[in-house]
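Analysis of the macromolecular model
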Amino acid sequence: MKRKYTIGKNVIKCKAAVAWESNKPLVIEEIEVAPPEANEIRVKIVTTGLCHTDLYQLYDNKHPDALPTVLGHEGAGIVESVGPGVTEFQPGDKVIPLPISQCGECRFCKSGRSNHCDEGWWSQRPDIMNSAVTRFTCRGKKVYQFMGTSTFSEYTVVHKNDLAKIDAAAPLDKVFLFGCAVSTGYGAAINSAQVTPGSTCAVFGLGAVGLAAVMGCRNAGAKKIFAVDINPDKFDRAKALGATDTINPKDYDKPVSQVLADLTNGGVDFSIECTGNVEVMRSAFEACVKGWGVSVVVGYTDLHDFASRPAQLISGRTWKGSLWGGYRPKDGVADLGKALLAKRLNLEEFISHKMTLNEVNDAIELMKKGQCIRTLMAVCPE
């Protein structure tokens with residue numbers, strides 16, 4: 001029997017973690033979530049994760065319109081209602097909110113060469129990291145929706161370009177990782193670096209994104225995968241996901257790029273940087289072999305310039321960036337869903353802690369101290 005479409009008409013009052021001020025703890029508040037308007041969907045968030053980009057917005061983004069906001073951009077949920085003009089989604093669908101858009105109509109979407117899109121916050125307000133449009137209010141004030149998603153709320157409203165359907169059998173306590181960490185890291189190896197069978201790789205930074213990059217290198221057939229981090233506690237997870245070797249730069253009295261060059265007869269074929277640290281970006285680039293080495297910048301920052309010497313590029317290395325793993329987001333979620341069903345993705349290794357939304361500030365402290373990979377936070381019951 002075909003399900004009947006539901007158009008939400010009521011304001012929902014629900015719990016959310018609001019960032020009112022920079023460098024201050026999030027506040028659990030009751031917010032008002034307006035009904036979805038044309039081409040919008042209201043989603044009940046079931047699970048969410050905490051990402052370093054959430055911390056960037058809270059601690060480092062000083063733009064006056066960055067706050068107040070509801071953070072969170074890695075989550076999974078269920079469609080509660082749809083606005084006029086929405087036919088792709090129905091109430092009850094399991095979905096992944098997307099931090100970047102796929103409209104299917106702009107020059108980037110039609111090009112087939114990029115996952116950029118002229119719609120959404122990334123094209124319109126990339127420095128602020130939110131859209132001027134929000135369906136949230138709290139204490140009579142407008143509250144922005146971080147990256148157009150805001151998964152640190154029991155309910156959110158997203159545009160149809162910023163949502164992907166997932167298989168009804170998908171476990172929401174795992175596929176929330178498709179919203180950021182796994183798509184970004186795994187895709188950086190598969191799509192952006194285009195790691196080849198038999199190659200040698202190095203992944204810098206072993207948070208959730210870096211571990212996903214390790215998994216991507218393994219599934220692409222890399223022969224040697226060096227996992228690089230200054231926290232050796234992360235090495236066991238890296239090995240479980242495919243790393244063949246681990247390196248702690250603190251154990252050496254020379255640059256880690258030189259360490260890797262000595263171990264690989266001149267450098268690795270592919271390096272993937274997942275820290276957001278510009279010095280590490282340079283190290284990852286200079287760890288590549290001359291002639292054909294490819295280094296991919298994944299970690300986000302907009303605080304500092306990065307640099308290397310021109311000779312490093314002239315000698316044949318390629319330095320490139322990767323947004324959301326190079327996936328066109330709606331298509332990417334579908335691809336990752338297939339890989340999960342084919343048992344090619346080990347998502348359990350990414351979840352180091354389980355909490356509730358009420359404990360979000362505890363999750364933030366764990367991430368600040370480097371004591372977690374991904375904290376799964378339960379938001380609403382499924």
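Throughout this description, residue numbers start from 1 for each chain and increase along the sequence as written. The predicted nature of this model means local features are confined to residues of pLDDT at least 70 and side-chain atom pairs, given and counted, to a pLDDT of 80 or more, with totals for whole chains, interfaces and linings taken over all residues. Derived side-chain values reflect all non-hydrogen atoms in the structure, with water molecules and hydrogen atoms excluded from consideration.

1. What to know about the overall build of the protein
Secondary structure follows DSSP: runs of H or I at least 4 residues long count as helices, runs of E at least 2 residues long count as strands, and numbering of each begins at the N terminus. Scanning the protein from terminus to terminus reveals 12 helices and 18 strands. The globule rule puts the C-alpha radius of gyration for 382 residues at 21 Å, and the 20 Å found for the protein is close to it. With the C-alpha coordinates of the protein rotated into their principal frame, the extents come out at 65 × 45 × 35 Å. Restricting to contacts in the protein with at least 6 residues of sequence separation, those with at least 24 account for 70%. Surface accessibility follows the Shrake-Rupley procedure with a 1.4 Å probe radius. Residue values consider only the protein chains on display as shielding. Of the roughly 16,100 Å² of accessible surface on the protein, a fraction of 50% belongs to carbon and sulfur atoms. Our radius of gyration is a C-alpha quantity, and the globule rule it is checked against amounts to 2.2 Å times the number of residues to the power 0.38. Contact criterion: two residues are considered in contact whenever any of their non-hydrogen atoms come within 4.5 Å of each other.

2. With respect to the nonpolar core
Note on terminology: a nonpolar core comprises buried Ala, Val, Leu, Ile, Met, Phe, Trp, Tyr and Cys residues joined through side-chain atoms within 4.5 Å. Accessibility here uses a 1.4 Å probe with only protein chains present; expressed as a share of the type maximum, an area under 20% marks a residue as buried, one over 50% as exposed, and anything in between as partly exposed. Counting 59 residues, the largest nonpolar core has Phe178, Val195, Cys217, Ile272, Leu345 and Phe350 as its most contacted members. Of the residues forming this core, the biggest block, eight residues, is contributed by helix H6 (residues 208-219). Domain borders in the structure are assigned automatically or taken from a domain database. Counting the residues that make up this core, at least three belong to each of domain 1 (12-179 + 346-378) and domain 2 (187-324). Val33, Val95, Cys372 and Cys380 belong to the second largest nonpolar core, which has 50 residues in total.

3. As for the pairing of strand S8 (residues 141-145)
In this scheme, strands are said to pair when DSSP sees at least two bridges between them. Examined bridge by bridge, strand S4 (residues 69-70) and S8 share two bridges and lie parallel to one another. Bridged to valine 70 within S8 is glutamine 145. As defined by bridge partners, strand S7 (residues 136-138) adjoins S8 across three bridges and the pair is classed as antiparallel. Bridge assignment links threonine 137 to a residue of S8, and that residue is lysine 142. Count of turn residues in the S7/S8 antiparallel hairpin: two residues, of which arginine 139 carries a positive phi of about 55°.

4. Details of the domain arrangement of the protein
We note that the domain assignment places domain 1 (12-179 + 346-378) and domain 2 (187-324) within the protein. Domain 1 and domain 2 are separated by 28 Å when their C-alpha centres are compared. Each partner contributes residues to the interface: domain 1 has 22 residues there, and domain 2 has 17 residues. For the pairing of domain 1 and domain 2, the buried interface totals around 1,700 Å² over both sides, and the portion due to carbon and sulfur atoms is 67%. Accessible area, probed at 1.4 Å, shrinks when two parts are joined; the buried area is that loss added up over both.

5. Description of the side chain of arginine 125
With respect to the secondary-structure elements, arginine 125 resides in the loop between helix H3 (121-124) and S7. It turns out arginine 125 is buried and unbridged, and the closest side chain with the opposite charge, aspartate 65, is 4.5 Å from it. Counting rule applied: Lys, Arg positive; Asp, Glu negative; His and chain ends not counted. The rule for a salt bridge is simple: a side-chain nitrogen of Lys or Arg has to be within 4 Å of a carboxyl oxygen of Asp or Glu.

6. Structural notes on the pairing of strand S5 (residues 74-82)
Counting buried positions over the nine residues of S5 gives eight, a clear majority of the element. Pairing analysis gives two bridges linking S5 to strand S6 (residues 94-97), with the strands arranged antiparallel. Counterpart to glycine 77 in the pairing with S6 is valine 95.

7. Description of the packing of helix H1 (residues 52-59) against helix H12 (residues 360-368)
Under this scheme, a helix contributes an axis fitted over its contacting stretch, all axes are lines through C-alpha atoms, and angles between N-to-C directions fall in the 0 to 180 degree range. At their nearest, the axes of H1 and H12 sit 11 Å apart, and the two run at 100° to each other. Judged by the angle between their axes, H1 and H12 are roughly perpendicular. In this structure, H1 contributes His52, Leu55, Leu58 and Tyr59 to the contact, and H12 contributes Ile364, Met367 and Lys368. In the scheme used here, Gly and all other residues not listed as nonpolar or charged are polar, with Ala, Val, Leu, Ile, Met, Phe, Trp, Tyr, Cys and Pro taken as nonpolar and Asp, Glu, Lys and Arg as charged. Among the residues forming the contact of H1 with H12, the class breakdown is five nonpolar, one polar and one charged. Oblique is the label for every angle not falling under 35 degrees (roughly parallel), over 145 degrees (roughly antiparallel), or within 65 to 115 degrees (roughly perpendicular).

8. Digging into helix H11 (residues 329-341)
Any helix carries an expected span of 1.5 Å times its number of residues minus one. When the terminal C-alpha atoms of H11 are compared, their 18 Å separation across 13 residues agrees well with the 18 Å that a helix rising 1.5 Å per residue should span. By the burial criterion, the buried members of H11 are Pro329, Lys330, Gly332, Val333, Leu336, Gly337, Ala339 and Leu340. Residues of H11 that are buried in the fold lie against S6, strand S10 (163-165), helix H4 (172-175) and helix H5 (181-193). At the C-terminal side of H11, lysine 343 shows a positive phi close to 60°.

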